[in-house]
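Listed here are the chains, written in short residue letters.
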Amino acid sequence: MKSFKMLSIGITNGDSMQDFPLIDGIIINQENSHRLWVLEMFIDQAYQPTFEKWMADKELLNAKVVISYPENDPAPFSVAVEAVKQIGTHVSVLLKGRLKRARSQYAEQLLEELIEEGLGGSDLLRRFESDMRSRPRLKRDIGEVNE
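Read on for a plain summary of the structure. (Residues numbered from 1 in each chain as written. Predicted model: local features only at pLDDT ≥ 70, side-chain atom pairs only at ≥ 80, totals over all residues. Heavy atoms only, no water.)

1. Details of the overall build of the protein
Phase 1 of the analysis: When its secondary structure is counted, the protein shows 4 helices and 7 strands.
Phase 2 of the analysis: Starting at the N terminus and walking to the C terminus, you meet the elements of the protein as β-β-β-β-α-β-β-β-α-α-α.
Phase 3 of the analysis: For the protein, the C-alpha atoms occupy an extent of roughly 50 × 30 × 30 Å along the three principal directions.
Phase 4 of the analysis: The proportion of buried residues among the 147 residues of the protein is 33%.
Phase 5 of the analysis: Here the contacts in the protein between residues at least 6 apart in sequence split such that 57% fall between residues at least 24 apart.
Phase 6 of the analysis: By element, 52% of the accessible surface of the protein is carried by carbon and sulfur atoms, the whole surface being about 8700 Å².
Phase 7 of the analysis: Computed over 19 positive and 23 negative side-chain charges, the inter-centroid distance for the protein is 5 Å. (Helix = DSSP H or I, 4+ residues; strand = E, 2+ residues; numbered from the N terminus. Buried < 20%, exposed > 50% of the residue type's maximum accessible area, 1.4 Å probe, protein only. Contact = heavy atoms within 4.5 Å. Areas by Shrake-Rupley, 256 points an atom, 1.4 Å probe, with all protein chains shown as cover. Lys, Arg positive; Asp, Glu negative; His and termini not counted. Charge placed at Lys NZ, Arg CZ, Asp CG, Glu CD.)

Structure (structure tokens):
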């Protein structure tokens, strides 16, 4: 097994993507024949009803997870909620699922969007460097959610 720090997570359900601010998070590659991953996040209690509903409905969710370093491309997962446990004023949420194999090509897609916005030269370079650090959601990802 290998474990990694989970830095951020966004979950698509239906026609919207919701980011869940993490207090802490870990992701574990079980390295088993089922290629299962375990994602555990420690979040604010306000999100407990959302995850309890998804767990009760046995929803299969699409998640985009940034692992280890903020500069990493978000990794796409297909997950289900396995457990939700209140701990003080926070909630521990356990997700299990599989890593989707498609490479996201975030840098290439970001560059394409910036060029479409008409940026060029030093403006393009500054914005590209800034957005590669901050990782805003791409218009393409927003479009996939709304389709």
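2. Focus: the environment of Ser78
Phase 1 of the analysis: Of note, Ser78 is situated in strand 6 (residues 75-87).
Phase 2 of the analysis: Once the C-alpha coordinates of Ser78 and Phe4 are considered, the two residues, 74 residues apart in sequence, prove to be 17 Å apart.
Phase 3 of the analysis: Apart from the residues lying within four places of it in its own chain, the contact partners of Ser78 are Leu60, Leu61, Asn62, Lys96, Gly97, Arg98 and Lys100.

3. Some remarks on the pattern of salt bridges
Phase 1 of the analysis: Throughout the structure, instances matching the rule amount to 6 salt bridges.
Phase 2 of the analysis: Measuring nitrogen to oxygen at the nearest pair gives 2.5 Å for the salt bridge that ties Asp57 to Lys53.
Phase 3 of the analysis: Connected via shared salt-bridge partners are Glu117, Arg127 and Asp131. (Salt bridge = Lys/Arg side-chain N within 4 Å of Asp/Glu carboxyl O.)

4. Comments concerning the pairing of strand 5 (residues 61-67)
As a general feature of sheets, a regular strand has side chains that alternate between the two faces.
Phase 1 of the analysis: Counting buried positions over the 7 residues of strand 5 gives 5, a clear majority of the element.
Phase 2 of the analysis: Pairing geometry for strand 1 (residues 2-13) and strand 5, over 6 bridges, is antiparallel. Paired with Ser8 across the bridge in strand 5 is Val66. (Pairing = 2+ DSSP bridges.)

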